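Report on the structure
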Amino acid sequence: MFSGSIVALITPFNHDGEVDYLSLKKLVDYHIEAGTDAIVSVGTTGESSTLTIEEHVKVVEKTLEFSDGRIPVIAGTGANATHESVTFSRLLNNTGIAGYLSVTPYYNKPTQEGLFQHYKAISQETDIPVILYNVPGRTAVDLHPETVARLAELKSIVALKDATGDLSRVALHRELCGNDFVLLSGDDATGLEFVKLGGQGVISVTNNVAAADMANMMHLALAGKFEEAEIINQRLMPLHKGLFIESSPIPVKWAAHKLGLIAEGDLRLPLTELSEQARPLVAQAMTEACIL
């Protein structure tokens, strides 16, 4: 279930700031048709930090409704307060989600023991699989491999999304956590190398606008066809980098709107639309990746 090409799905908004559920349905259908292996609903790329709890739960529920059992849906449930993450777990426990993706608590910079206790509290609330998410570039805290190994012993913690870009951690996590623990890349630029080293897939931003290519590349890589996968990856590399020219998901929402995948490219403050000077650079990356 947690392998291959998994999209960190954007949350589309109308100009009035409300969630655009018509565009959300279009996105879900797009990923199913393209061969995406799973959807992460309301993760970082889905602007979880600016949705209310009610909106957060509704977006996950509507994603499940639109997918209609055709693709696994993983719910983003991260927060910097443990009680909030636990609340999300309780609210989504009986919705039919395939798993939770829970980012390390951001801003308050917990210790490794604090991180362990945070995830332990989440684990105790559910039998649904939990994916740890480490992205220190955004959260200002690093989930150390030794802490991941401790957490891997808990009943429902089954996987790690590693967005550090540090490929040396793949072998270390595998050694510490065992072969049954799932390792997923959270960094598009190094995602293929991550899989070559023993990872099982990628939770991807690029997948939002190049879903078929990402699915094809990951499926080839998991089949050991690395040379064929590398050809696709090199073509997508300008996109892997261009979609982070400004804070994500600013560029990818602009790109999705340009491709007609969503009606508008709006974001919620404090994020603002892609700057005029960045637009030709993202468009060039899309052209070089052969999606525009």
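As the structure is a prediction and not an experimental result, all values here were calculated from the model.

1. Some details on the overall build of the protein
- When you go through the protein residue by residue, the secondary structure sums to 12 helices and eight strands.
- In summary, the protein has a C-alpha radius of gyration of 18 Å against a globular reference of 19 Å for 292 residues, a match within 12%.
- Along the three orthogonal principal directions, the C-alpha set of the protein runs to about 45 × 45 × 35 Å.
- By element, 52% of the accessible surface of the protein is carried by carbon and sulfur atoms, the whole surface being about 11,900 Å².
- Across the protein, the centroid of the 22 positively charged side chains sits 1 Å from that of the 36 negatively charged ones.

2. Here we look at the packing of helix 9 (residues 211-222) against helix 10 (residues 226-242)
- One way to put it is that helix 9 packs onto helix 10 with a least axis distance of 8 Å and a crossing angle of 145°. Relative to helix 10, the crossing made by helix 9 is left-handed. Residues Asp213, Met214, Asn216, Met217, Leu220 and Ala221 of helix 9 pack against Phe226, Glu228, Ala229, Ile232, Asn233, Arg235, Leu236 and His240 of helix 10.

3. Let's talk about the UniProt feature "binding site: pyruvate" (unreviewed entry) in the protein
- In the numbering adopted here, UniProt assigns the feature "binding site: pyruvate" (unreviewed entry) to Thr45 and Ile203. Taken together, the annotated residues stretch across 159 residues yet fold into one region, lying no more than 10.4 Å apart by C-alpha.
- Take threonine 45: it is sitting in the loop between strand 2 (38-41) and helix 2 (53-67).
- Residues in contact with threonine 45, not counting those within four places in the same chain, are Ala8, Leu9, Ile10, Thr11, Val205, Asn208, Ser248, Pro249 and Val252.
- With respect to the element layout, isoleucine 203 can be found in strand 8 (residues 201-204).

Reading guide: rules and limits
Residues numbered from 1 in each chain as written. Predicted model: local features only at pLDDT ≥ 70, side-chain atom pairs only at ≥ 80, totals over all residues. Heavy atoms only, no water. Helix = DSSP H or I, 4+ residues; strand = E, 2+ residues; numbered from the N terminus. Rg over C-alpha atoms; globule rule 2.2 N^0.38 Å. Areas by Shrake-Rupley, 256 points an atom, 1.4 Å probe, with all protein chains shown as cover. Lys, Arg positive; Asp, Glu negative; His and termini not counted. Charge placed at Lys NZ, Arg CZ, Asp CG, Glu CD. Axes fitted to C-alpha atoms, helices over the stretch in contact; angles between N-to-C directions. Left-handed = near helix turned anticlockwise from the far one by under 90°. Contact = heavy atoms within 4.5 Å. UniProt positions renumbered as here; feature names shortened; annotations may be inferred.

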